[in-house]
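# Observations on the three-dimensional arrangement
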Amino acid sequence: MNGLINEAALDKRCRKTRKAIKTSLIKLMCKKEISAITITEIAEEADINRKTFYAHYKDLYDILDEIENDLIEKLFHILDNADIMRSMYNPYPLFHELTAEINKDFEFYSLLVQSKNYNSLLNKIQEVFKEKLLELITESTKTDQELLPFIIDFISSGIVSAYKEWLSSDRNISLEQLSKSLSMLISNGLNSVLEKQK
């Protein structure tokens, strides 16, 4: 039993260290280009030594890959568990899940949109999000298949841009208000397009 407890504590400590390293890199990316960031700086920011860093990651790009993969995995989880047909007519539950995910690690997402290398990461995630959404909606609707990629591109770009703008703003409106407004915009616009397709 003690072995299981020790293993769980070790796993928790490992996750905490990796989290500290990722957050430290993003904080440094808010101040300078990634090419100018050193492992020593990340270790100092995360309050660890270089040996501990290398026990978890081989270099900076290894951390970025993990951040990217984590974000994509979270997006896929939300999309895979959504009722896409229902979400097309009422996307609010989908936005509610996205909002909940951002609120779980608010500081991290806020720092991420301020980082100097954020756009390249954002573009990759947006492309994956768009492709996954297109795949799911193509299976669920009879909408003109030539028109659908443009609709999805418009929606996914708008969603990402709106969340990015909100995270970079003074946040005078709540994330919940933003989610409800985006939901109404997408629902009304998409419904009108789908009605014309019938």
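Quick look at the structure, then. It should be emphasised that the depicted structure is a prediction, and the values quoted were computed from it without experimental measurement.

What follows deals with the overall build of the chain. Check the secondary structure of the chain and you find 10 helices and 0 strands. Ordered by position in the sequence, the α and β elements of the chain form the string α-α-α-α-α-α-α-α-α-α. Looking at the chain residue by residue over its 198 residues, the buried ones come to 41%. When contacts within the chain are restricted to residue pairs at least 6 apart in sequence, those whose partners lie at least 24 apart make up 69%. Within the structure as shown, the chain displays about 11,800 Å² of accessible surface, and the carbon and sulfur contribution to it stands at 53%.

Before going further, it helps to examine the environment of D62. Looking at the element boundaries, D62 is found in helix α4 (residues 60–80). Residue classification places D62 among the partly exposed positions, given a relative accessible area of 23%. Leave out the neighbours within four places in its chain, and D62 touches H56 and Y57. Only 3.1 Å separates the side chain of D62 from the backbone nitrogen of K58, close enough to count as a polar contact.

Where helix α6 (residues 92–104) meets helix α9 (residues 148–168), the axes come as close as 13 Å, and the angle between the chain directions of the two elements is 35 degrees. Between α6 and α9 lies a crossing whose hand is right-handed. Along its contact with α6, which presents F95, L98, T99 and I102, the element α9 presents I159, Y163 and L167. Its residues assigned to classes, the contact of α6 with α9 comprises 6 nonpolar, 1 polar and no charged.

Side chains that differ in charge, positive against negative, can pair when their charged atoms come close. One pass over the full model with this rule turns up 11 salt bridges. Salt-bridge contacts for R15 lead to D11; the nearest nitrogen and oxygen are separated by 2.5 Å. On the criterion of helical spacing, the pair formed by R15 and D11 is a turn pair, its members being 4 residues apart in helix α1 (residues 2–29). Counted as one network, the salt bridges with shared partners bring together R18, K22, E66 and D70.

With that settled, consider the packing of α4 against α6. Relative to each other, α4 and α6 sit at 150 degrees, their axes nearing to 10 Å. Looking at the two axes, α4 sits roughly antiparallel to α6. Once α4 is placed against α6, the crossing between them reads as right-handed. Of the residues in α6, those touching α4 at K74, L75, I78 and L79 are L94, E97, L98 and E101. Of the residues assigned to the contact of α4 with α6, the class counts are 5 nonpolar, no polar and 3 charged.

Along the polypeptide, H56 turns up in helix α3 (residues 50–56). Residues in contact with H56, not counting those within four places in the same chain, are C14, T17, R18, I21 and D62.

Moving on, we get to unusual backbone geometry. Phi at D47 is positive, roughly 60 degrees, even though this residue is not glycine. With respect to the secondary-structure elements, D47 resides in the loop between α2 (39–46) and α3. Look at D47 and you get exposed, because its relative accessible area is 70%.

Within the element layout of this structure, S115 appears in the loop between α7 (106–114) and α8 (118–140). Only 2.9 Å separates the side chain of S115 from the backbone oxygen of L112, close enough to count as a polar contact. Sequence-distant contacts of S115, that is, excluding residues within four places in its chain, are made with I26, M29 and C30.

This structure, assessed with the given rule, holds 5 aromatic pairs. Seen from their ring centres, F53 and Y57 are 6.1 Å apart, and the 45 degrees between their planes marks the pair as tilted. When the ring centre of Y57 is taken as reference, the NZ or CZ atom of R18 above it lies at 4.4 Å. Between R171 and the ring centre of W166, over which it is positioned, the NZ or CZ distance is 5.7 Å.

Calculation criteria
- Residues numbered from 1 in each chain as written.
- Predicted model: local features only at pLDDT ≥ 70, side-chain atom pairs only at ≥ 80, totals over all residues.
- Heavy atoms only, no water.
- Helix = DSSP H or I, 4+ residues; strand = E, 2+ residues; numbered from the N terminus.
- Buried < 20%, exposed > 50% of the residue type's maximum accessible area, 1.4 Å probe, protein only.
- Contact = heavy atoms within 4.5 Å.
- Areas by Shrake-Rupley, 256 points an atom, 1.4 Å probe, with all protein chains shown as cover.
- Polar contact = N/O pair within 3.5 Å; in protein donor to acceptor, adjacent residues only side chain to side chain.
- Axes fitted to C-alpha atoms, helices over the stretch in contact; angles between N-to-C directions.
- Left-handed = near helix turned anticlockwise from the far one by under 90°.
- Nonpolar A, V, L, I, M, F, W, Y, C, P; charged D, E, K, R; others polar.
- Salt bridge = Lys/Arg side-chain N within 4 Å of Asp/Glu carboxyl O.
- Parallel < 35°, antiparallel > 145°, perpendicular 65-115°, else oblique.
- Phe/Tyr/Trp six-rings, centres within 6.5 Å; stacked < 30°, edge-to-face > 60°.
- Lys NZ or Arg CZ within 6 Å of the ring centre and 35° of its normal.

Function cannot be read off these values alone, since they describe shape.
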